[in-house]
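# What the coordinates show
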Amino acid sequence: MTFDELTFKVLNEAKTALSSEEIWDFAKDKGYDKELGSQGKTPAATIGASIYKSIKENSNYPVIKVGYRPTKFC
């Protein structure tokens, strides 16, 4: 599973806007972190960076940024 796939899965299940930290916490609670092909030290930061990069590079990316401090995605 990629970080984008993890983000889509969590946001679809949560049905609410979440910050990258909340996305990661939700994923850990559901055990999705074990399906992720990464063992980095800051996965929440990687999720945020992945979302920002994908939004910038793909105008059809299905995740949008909402709110500010904390930034949330839906």
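Look up a bit, the structure's there.
Sequence positions are assigned chain by chain, starting from 1 and proceeding in written order. Reporting of local features is limited, given that this is a predicted model, to residues whose pLDDT is at least 70; pairs of side-chain atoms are given and counted only at 80 or more, and all residues count toward the totals for whole chains, interfaces and linings. Calculated side-chain values reflect all of the structure's heavy atoms, with hydrogen atoms and water omitted.

We now examine the overall build of the chain. Counting its secondary structure elements, the chain contains three helices and two strands. Seen in sequence order, the chain has helices and strands lined up from the N terminus as α-α-α-β-β. Relative to a compact globule of 74 residues, whose C-alpha radius of gyration would be 11 Å, the chain shows 11 Å and is just as compact. Dimensions along the principal axes, computed over C-alpha positions, put the chain at roughly 30 × 25 × 20 Å. Residue contacts are defined here by distance: any two heavy atoms, one from each residue, within 4.5 Å place the two residues in contact. Contacts in the chain between residues far apart in sequence, at least 24 positions, make up 48% of those at least 6 positions apart. Each charge class in the chain was averaged separately, 11 positive and 10 negative side chains, and the resulting centres sit 4 Å apart. Under the scheme used here, helices are H or I runs from DSSP no shorter than 4 residues and strands are E runs no shorter than 2 residues, and both carry numbers assigned from the N terminus. All radius of gyration figures rest on C-alpha atoms, and the globule criterion is 2.2 Å times the number of residues raised to 0.38. All tallies of charge rest on Lys and Arg as positive and Asp and Glu as negative; His and the ends of each chain are not included. Every charge is mapped to an atom, namely NZ of Lys, CZ of Arg, CG of Asp or CD of Glu.

Each pair of packed helices can be described by the angle between their axes along with the distance between the axes. Here an axis means a line fitted to C-alpha atoms, over the contact stretch when the element is a helix, while the angle between two N-to-C directions is reported on a 0 to 180 degree scale. Remark: helix α1 (residues 3-14) packs on helix α3 (residues 43-57), axes separated minimally by 9 Å, with the N-to-C direction vectors making an angle of 90°. By the angle between their directions, the pair α1 and α3 is classed as roughly perpendicular. The segment α1 lies against α3, with F3, D4, L6 and T7 engaging P43, T46, I47, S50, I51 and S54. The cut-offs work like this: below 35 degrees is roughly parallel, past 145 is roughly antiparallel, 65 to 115 is roughly perpendicular, and the gaps in between are oblique.

Okay, the packing of aromatic side chains next. Pairing of aromatic side chains requires ring centres within 6.5 Å, counting the rings of Phe and Tyr and the six-membered ring of Trp. Pairs whose planes differ by under 30 degrees are stacked, by over 60 edge-to-face, and all others tilted. On inspection of all chains with the given rule, the structure shows two aromatic pairs. For the pair F8 and Y61, a centre-to-centre distance of 5.6 Å together with 50° between the ring planes defines the contact as tilted. Linking F8 in helix α1 with Y61 in the loop between α3 and β1 (65-66), this pair joins segments that are 53 residues apart in sequence. Relative accessibility decides the category of a residue: with a 1.4 Å probe and only protein chains considered, values under 20% of the type maximum give buried, values over 50% give exposed, and everything between is partly exposed. According to the relative accessible area criterion, F8 is partly exposed, its value standing at 29%.

Within this document, salt bridges are pairs made up of a side-chain nitrogen of Lys or Arg and a carboxyl oxygen of Asp or Glu, the two lying within 4 Å of each other. According to the stated counting rule, one finds three salt bridges in the structure shown. Across the salt bridge formed by D33 and K34, the nearest N and O atoms sit 3.9 Å from each other. Of the residues examined, K34 reaches a relative accessible area of 71% and is grouped as exposed.

What follows concerns the side chain of S50. Relative to the assigned elements, S50 resides in helix α3. Residues contacting S50, with those up to four places away along its chain left out, are F3 and D4.

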